[in-house]
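Here are the chains, one letter per residue:
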Amino acid sequence: MAGSIYLTTSESGCGKSLVLLGISEILLRKTNKIGIFRPFISRRGEIRDKNIELILKHFNLQLNYEDTYAFYLDEGLRLIQEGKKDWVIEKVIEKFKAIEEKCDFVICEGSDFSVDSVSFEFDINATLAKNLGCPVMVVGKGTGRNLEETLNPLFLAYDSFINKGCRVMGVIINKVSDQNLQPLLDTLNNRIPDESIIKAVIPNNRILESPTLREIAEQLNAEVLYGEERLENQAYNITTAAMQVQNVLPRLVENSLVITPGDRADVILGVLQAHASVNYPPLAGILLSTGFKPDHAIDNLLRGISQIIPILSVKTNTYETVSNYNKIHSYITHDNALKIKTSMSIFEKYIDTDKLEKELSDIRSEGLTPKMFEYQLTQKAKSQRKRIVLPEGDDPRVLKAAAILSERDIVDLILVGDEDELRQKANKLSISLDFNKVLVTNPKINSKTPQYINKIVELRQHKGVNHDMAKDLINDVSYFATMMVLEGDADGMVSGAVHTTQHTIRPALQLIKTKPEYNVVSSVFFMSLADRVLVYGDCAVNPNPNAEELAEIAIASAETSRNFGIEPKVAMLSYSSGDSGKGEEVEKVRKATEIVKSKVPDLAIDGPIQYDAAVDTSVGAKKLPGSPVAGKATVLIFPDLNTGNNTYKAVQRETGAIAIGPVLQGLNKPVNDLSRGCKVDDIVNTVIITAIQSQDYK
Ligand SMILES: CC(C)(COP(=O)(O)OP(=O)(O)OC[C@H]1O[C@@H](n2cnc3c(N)ncnc32)[C@H](O)[C@@H]1OP(=O)(O)O)[C@@H](O)C(=O)NCCC(=O)NCCS
Ligand SMILES: CC(=O)OP(=O)(O)O
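Residues numbered from 1 in each chain as written. Chains lettered and ligands numbered in written order. Predicted model: local features only at pLDDT ≥ 70, side-chain atom pairs only at ≥ 80, totals over all residues. Heavy atoms only, no water.

(A) Here's a closer look at the sheet that holds strand β7 (residues 198-203). Judged by pairing direction, the sheet is parallel, and its 7 strands sit side by side in the order β3-β2-β4-β1-β5-β6-β7 without closing on themselves. Looking at which strands have only one partner, the edges of the open sheet turn out to be β3 (69-72) and β7. Strand-to-strand twist in this sheet, taken as the mean axis angle between neighbours without regard to direction, amounts to 20°. Examined bridge by bridge, strand β2 (residues 34-41) and strand β4 (residues 105-109) share 4 bridges and lie parallel to one another. Within β4, the residue paired with G35 across the bridge is V106. On the sheet, helix α3 (residues 73-81) packs against β2 and β3 and is oriented at approximately 75° with respect to β3. The strands touched by helix α5 (residues 118-132) within the sheet are β1 (3-9), β2, β4 and β5 (136-141), with β1 carrying the most contacts at an inclination of about 175°. (Pairing = 2+ DSSP bridges. Helix = DSSP H or I, 4+ residues; strand = E, 2+ residues; numbered from the N terminus. Axes fitted to C-alpha atoms, helices over the stretch in contact; angles between N-to-C directions. Contact = heavy atoms within 4.5 Å.)

Written as structure tokens, this is what we have:
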């Protein structure tokens, strides 16, 4: 997976393009496969997003412009207000993933903070950084402000990212007056003492903050009357010339833009003369207000001047023009070599680039975020479509899950039940399940039922099962659906919303049986926490596994974890970390760990280890220093079902984590259980997992 960073600001106009350029330059020292991605861009007619263009063109990146952003900001805002936030996040992840696949590192640039949607943008940037698993770099601004005014919005942004659980890797304040540079840096260091976080303060720079005449023309909608070829001139400031020419001349300053009404030919000519004179400073251009343009004679004169500075015309009066001018944003564009060069040298000077380079190269995806996990599951399930049977077709949650899954077109569903009854139930509950998209099968009239009965007799007669007994068994939906899977009429089964685990999985244990390399069927839950996905095993099947069985559960759970994109680091849980506690149960876990180590020497595993040492870096470092797992475990193996089942339920209920499972492992064909307390989303997720598992079976 590529490395990534989320570059965002605390408000508009912070000048993050300078930081964007600087980070890109540093990344390019290591790889030329870098990418830029923006979840939201502002809509500016046909004009492309300036920062995306800047990076694509300046660094000559081979990416399609259309692939580098997900939504226009107004569109994203509307969708979220319509309650489609999850869908928006999903789309952003989808496009981000597509860019990520082509790159070694992706810089994800947050939204631009338009005036109308500041709080929305705060929230969505933090949510996206979190869901994309990117560490965050926050940029604030100091323009024309005292220390407090500068720091308040910055720390508000910083805190909101931290509170959302994001890792902030850097805080930069840009556009700071010289006298505020050191005090701001001191405050940053005091308030954020963590030395691994990059902190920097960058001064105002006239070249970067001054708009070009082209930008002025574009943003004021001005007509360019003369000097088209010199639109890259930059206006460092403005001189409003509403007085007579002799009073204007002494007020002219270097590279200023002179704003004057369009009928003031005296001022236009005087200013042009001043620009040509060694006794006055050179000027950037002239902006004519009020819509008047030079008349024929003056126009003739102006056209005859070679190398004339740009003269622009707007319809607004002088006061309005000045006020509009003050709202102009100056960008660093790909064709402005001076601004790019200036940005790079400022970045080098004010940022500890060696430290930044190191931090950037240390960034690797820190585990799978819940949304990424969900996204990957959906994509994988869709890549090879499978048929999943749901024996509890008349449960309202199952009907709702079926409606969602068929609407999202992820798998082919088979519901067990009577079609008329299911239709009536769905109608009554206003569940919009399209029955043309699902297959409903009734064991009582299914033509395969006799075949299933014979097969049960064949497989279970050594246990005393005769034809009549098998006929009874097939009336049980768990047996019927299990037989569908066994006989290849479905690729997997999900049940347990109504029936107990014992009821749900016993037919599979008896008929489908374990894979040759396994002796026990066990289970895992994918615990989708706020910021990562952990794998818990076994919380559903084996009440009291012995050391050999526990070792097998650990190996199977590590394999399931890897199959679903989570790098296994296995913690064999106990009430002891290393030698800290004694007892039979501790010895069982120790023995199981040794068995796993001898069978799978490459697997990162440690045990016995306590839960806190397994997941908390500082506790892990204290209790088991040097452990390959302590503090970063992704797979947690409980010593018995009592501990496992209660822990998963406690975490699920107390933290709001989504528990996907129990996902069974070790069976010859995929059958998965649900908790009777499951929600519709749990069923959806378990069906998707089952479909993916079934892709590995022929
Ligand atoms: C898994 C469980 C249902 C099996 O119970 P059971 O059906 O009474 O078990 P039995 O000993 O009668 O075994 C039935 C068959 O399943 C097999 N089996 C049982 N447990 C197995 C396992 N973990 N792995 C593989 N096969 C297993 C047996 O070998 C036996 O096969 P056979 O009939 O061909 O000889 C039982 O261990 C159980 O209830 N576990 C706890 C489930 C639970 O309540 N979880 C909490 C909520 S999720
Ligand atoms: C998995 C599990 O604990 O199932 P239930 O809640 O149905 O007992």
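(B) Quick look at the packing of aromatic side chains. If you walk through the whole model with that rule in mind, you get 11 aromatic pairs. For the ring pair Y69 and Y72, a centre distance of 6.0 Å and an interplane angle of 40° mean the geometry is tilted. A relative accessible area of 12% places Y69 in the buried class. Geometrically, the ring pair formed by F373 and F526 is tilted, given 5.2 Å between the ring centres and 45° between the ring planes. Of this pair, F373 sits in helix α16 (residues 370-383) while F526 sits in strand β17 (residues 522-528), and the two are 153 residues apart along the sequence. Across the pair, exposure class does not vary: F373 and F526 are buried alike. Through successive ring pairs, a cluster of aromatic residues spans F40, F71 and W87. The ring of Y331 carries K50 above its face, with NZ or CZ at 4.9 Å from the centroid. (Phe/Tyr/Trp six-rings, centres within 6.5 Å; stacked < 30°, edge-to-face > 60°. Buried < 20%, exposed > 50% of the residue type's maximum accessible area, 1.4 Å probe, protein only. Lys NZ or Arg CZ within 6 Å of the ring centre and 35° of its normal.)

(C) Inspection of the environment of L624 at higher detail. If you trace the backbone, L624 turns up in the loop between α26 (617-623) and β21 (635-637). Distance in space between the C-alpha atoms of L624 and D579 is 9.8 Å, their sequence separation being 45 residues. Those residues in contact with L624 that lie beyond four places of it in its chain are S577, G578, D606, P608, I609 and A630.

(D) Fine view of the sheet that holds strand β11 (residues 285-289). Strand order in the open sheet made by the 5 strands is β8-β12-β11-β10-β9, with mixed pairing throughout. Of all strands in the sheet, those with a lone pairing partner are β8 (223-226) and β9 (237-240), marking the two edges. Within the sheet, the average angular offset between the axes of one strand and its neighbour, ignoring direction, is 30°. Across the sheet, helix α11 (residues 265-276) touches β10 (256-261), β11 and β12 (311-313), and the angle it forms with β11 is around 175°. Contacting β9, β10 and β11, helix α13 (residues 318-325) runs over the sheet at an angle of about 155° to β10.

(E) Up close: the environment of V680. Position of V680 among the secondary structure elements: in helix α28 (residues 680-694). We classify V680 as buried; its relative accessible area is 18%. Note: C-alpha distance between V680 and P396 (284 residues apart in sequence) is 8.9 Å.

(F) Focus on the packing of helix α1 (residues 16-27) against helix α2 (residues 50-58). Contact pair α1 / α2: the axes reach a minimum separation of 11 Å and the direction vectors enclose 25°. Judged on the interaxial angle alone, α2 and α1 are roughly parallel. The hand of the α1/α2 crossing is right-handed. Two secondary-structure elements touch here, α1 through S17, L20, L21 and S24 and α2 through N51, L54, I55 and H58. For the contact of α1 with α2, the per-class residue count stands at 4 nonpolar, 4 polar and no charged. (Parallel < 35°, antiparallel > 145°, perpendicular 65-115°, else oblique. Left-handed = near helix turned anticlockwise from the far one by under 90°. Nonpolar A, V, L, I, M, F, W, Y, C, P; charged D, E, K, R; others polar.)

(G) Structural detail: helix α19 (residues 449-460). The end-to-end C-alpha distance of α19 is 16 Å, a good match for the 16 Å that 12 residues give at a rise of 1.5 Å each. Turning to α19, its buried residues number three or more, namely T449, Y452, I453, I456, V457 and R460. Looking straight down α19, one finds that the buried residues subtend no more than 140° of arc, so they occupy a single side. Of the surrounding elements, those touching the buried residues of α19 are α20 (467-474), α21 (477-486) and α22 (501-512). (Expected span 1.5 Å × (residues − 1). Arc of directions from axis to C-beta.)

(H) Just the nonpolar core, in detail. If you look at the biggest cluster of nonpolar residues, it comprises 88 residues, and the most contacted ones within it are V19, I23, L132, L356 and L360. When near neighbours in sequence (up to four residues on either side) are disregarded, L356 contacts I23, I26, M137, M169, I198, F347 and I351. (Core = buried A, V, L, I, M, F, W, Y, C linked by side-chain atoms within 4.5 Å.)

(I) Geometry of the site of ligand 2. All residues adjacent to ligand 2 are T501, F525, N645, Y648, K649, P662, S675 and R676. R676 places a main-chain nitrogen or oxygen 2.8 Å from an oxygen atom of ligand 2. It is helix α27 (residues 641-655) that contributes the most residues to the shell around ligand 2, 3 residues altogether. For the shell around ligand 2, the per-class residue count stands at 3 nonpolar, 3 polar and 2 charged. (Near = heavy atom within 4 Å. Polar contact = N/O pair within 3.5 Å; in protein donor to acceptor, adjacent residues only side chain to side chain.)

(J) Fine view of the site of ligand 1. Residues in contact with ligand 1 amount to 18 residues; listed here are only the nearest, R460, R506, K513, V521 and N542. Contacts to ligand 1 include R506, whose side-chain N or O atom sits 2.5 Å from an oxygen atom. A distance of 2.8 Å separates a nitrogen atom of ligand 1 from a polar atom in the side chain of N542. With the chains in place, 65% of the 920 Å² that ligand 1 exposes on its own is no longer accessible. Residue contributions to the shell around ligand 1 peak at 5 residues, all from α22. (Areas by Shrake-Rupley, 256 points an atom, 1.4 Å probe, with all protein chains shown as cover.)

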